[in-house]
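# Structural features, examined
Spelled out from the first residue to the last, the chains are:
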Amino acid sequence: MARVVIIGAGIVGLSVARAALQRGHEVHLLEQSEVPNPHGASYDQHRMIRYHYGSAIGYTRMVAPAFEAWSRVWDDIGSEQFEDTGAIAISLEAGDYAAQTLQAFREVGVPHEVLDRAGVERLCPHLQLPEGAWGVVALPGGPLFAGRIVTELARWVAAHGAVVEGGCRIARVDQERGVAVRADGSTVEGDLLVVAAGAWLPALMPERYGDATTWRQGLCYVEPPARFAQSWRDAPAIVTLGDHAGYTLPDRRGAGLKLGHGPHRRRARPEIDGFGSDLATEGEAILAPFRPYLRDAGDYRPTRIQVGYYVLDPSRRFRLDTAGRGLVVTHCDGQMFKFGPLLGERIVAMFDGAESAADLARWAAGY
């Protein structure tokens, strides 16, 4: 039996903990806040899983095994925290994300359906699209109920013997030796130390990651016009509406209708900039790119802003850095949640000798 120490109790940390326990290892999970952390990037009403990944064929191929890993999670926690609404990418101009996705689907062999503008509007009657718009639909896809998932995983790992230490501030990490040093000077040492600290990584390991770019992202929960409330619930998740509008998740299981707009993010640090938001101002900034494509666009009412922070670089590829006993998971963006359980299983399998750290890092980067 080896000892696996994990810093960060988001989807990656909890997934590594689960996989390590299933392989018979001792687990010590360290989290700066409560577990799960309500300000962590993994804690939200829902997050999207879908096959659509534009031209990123490596990640398109990873989605099927990710669904298989989620099935194993549902078996463990005793409930399926996912709804298969399907997902659609909507094209508004030649060569955009939806067009790249369609090409990738054909290359990889992902089953899909292509709809013309009228077909998309029948599927999504709350939308009004310009001439020439079309969409590509694939199933399965839709919302993963993120907050419920991390809550249930935290319960599961604790019930299966993990030491879960919330409210634990780590002052320093010795990646080579696999040692985490608490603020009071005490230490926790592992045969494997996994650092999954998300946007707090630059502050935790400034000597190696102090220059990493962290971004603040606001997501807007909205109340749609009453006559479209049910059509939004019945519609697929929108992966992308052109290249410049955004994405949506439907209101299933009371999670709410959520809209996101990638370019809305800005550089910020969670420990400095915090989690506050002006609902009216930020809600309108997120809604504005959608309005040209919404019927009764003036009747959408922002109700809440979910603020999250990510480390992101221009490559948009996950990064795994190994040194000595330590493994750092970073560059997760908002895309990691869907791959969390699969990555957790692969990390522990690598530790147990199933593959090299270099091969794992290449796979995680989508190559």
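Attention here is on the structure that accompanies the text. (Residues numbered from 1 in each chain as written. Predicted model: local features only at pLDDT ≥ 70, side-chain atom pairs only at ≥ 80, totals over all residues. Heavy atoms only, no water.)

### Regarding the overall build of the protein chain
Each helix and strand in the protein chain was counted, giving twelve helices and 20 strands. Since a compact globule built from 367 residues should have a radius of gyration of about 21 Å, the 20 Å found for the protein chain is in line with a globular shape. Once the C-alpha set of the protein chain is aligned to its principal axes, its extents read approximately 60 × 45 × 40 Å. When each of the 367 residues of the protein chain is scored for burial, the buried share is 57%. Long-range pairs, those at least 24 residues apart, make up 73% of the contacts in the protein chain with a sequence separation of at least 6. Approximately 14,600 Å² of the protein chain is accessible, and the part contributed by carbon and sulfur atoms is 47%. Positive and negative charge centroids in the protein chain, built from 38 and 44 side chains respectively, lie 1 Å apart. (Helix = DSSP H or I, 4+ residues; strand = E, 2+ residues; numbered from the N terminus. Rg over C-alpha atoms; globule rule 2.2 N^0.38 Å. Buried < 20%, exposed > 50% of the residue type's maximum accessible area, 1.4 Å probe, protein only. Contact = heavy atoms within 4.5 Å. Areas by Shrake-Rupley, 256 points an atom, 1.4 Å probe, with all protein chains shown as cover. Lys, Arg positive; Asp, Glu negative; His and termini not counted. Charge placed at Lys NZ, Arg CZ, Asp CG, Glu CD.)

### Describing the pairing of strand S14 (residues 237-241)
Of all the five residues making up S14, five are buried; the element is thus mostly covered by neighbouring parts of the structure. As paired elements, strand S4 (residues 87-91) and S14 share four bridges and run parallel to each other. Bridged to Ile90 within S14 is Leu241. (Pairing = 2+ DSSP bridges.)

### As for the layout of surface pockets
Estimates place the volume of the largest pocket at around 940 Å³. Within the residue set of the lining of the largest pocket, elements represented by two or more residues are strand S3 (47-49), helix H3 (97-108), strand S13 (214-223), S14 and strand S15 (247-249). Classifying every residue of the lining of the largest pocket by side-chain character gives 14 nonpolar, 14 polar and nine charged. The residue makeup of the lining of the largest pocket includes at least three contributed by each of domain 1 (3-46 + 147-212 + 315-365) and domain 2 (87-138 + 214-311). Empty space within the second largest pocket amounts to approximately 710 Å³. In this structure, the second largest pocket is lined by 42 residues; those nearest its centre are Ala196, Ala197, Gly198, Ala199 and Trp200. When contributions to the lining of the second largest pocket are tallied by element, the ones reaching two or more residues are helix H1 (11-22), strand S9 (170-174), helix H6 (201-204), strand S18 (301-311) and strand S20 (326-330). (1 Å grid on protein atoms, 1.4 Å probe; cavity = no way out; pocket = protein on both sides within 12 Å on 5 of 7 lines; lining within 4 Å. Points joined across faces, edges and corners; volume = space filled by probe spheres on them. Nonpolar A, V, L, I, M, F, W, Y, C, P; charged D, E, K, R; others polar. Domains from an automatic or database assignment.)

### Quick word on unusual backbone geometry
Pro36 follows Val35 through a cis peptide bond whose omega is -5°. One can find Pro36 in the loop between strand S2 (26-30) and S3. Cis geometry marks the peptide bond from Leu139 to Pro140, where omega comes out at -5°. Checked against the element boundaries, Pro140 lands in the loop between strand S6 (134-138) and strand S7 (142-144). The phi angle at Arg253 is positive, at roughly 55°, despite the residue not being glycine. Of the residues examined, Arg253 reaches a relative accessible area of 35% and is grouped as partly exposed. One non-glycine residue with positive phi stands out, namely Asp333, at about 55°. Looking at the element boundaries, Asp333 is found in the loop between S20 and helix H11 (340-351). On the basis of relative accessibility, which here comes to 14%, the residue Asp333 falls in the buried class.

### Some thoughts on the sheet that holds strand S11 (residues 187-189)
Spatially, S9-S10-S11 is the arrangement adopted by the three strands of the open sheet, whose pairing is antiparallel. At either end of the open sheet lies a strand with only one pairing partner, and these are S9 and S11. Neighbour-to-neighbour, the strand axes of the sheet open up by a mean angle of 20°, direction not taken into account. Sheet topology places strand S10 (residues 179-182) next to S11; three bridges connect them, and they run antiparallel. Residue pairing in the sheet places Val179 in a bridge with Glu189 of S11. (Axes fitted to C-alpha atoms, helices over the stretch in contact; angles between N-to-C directions.)

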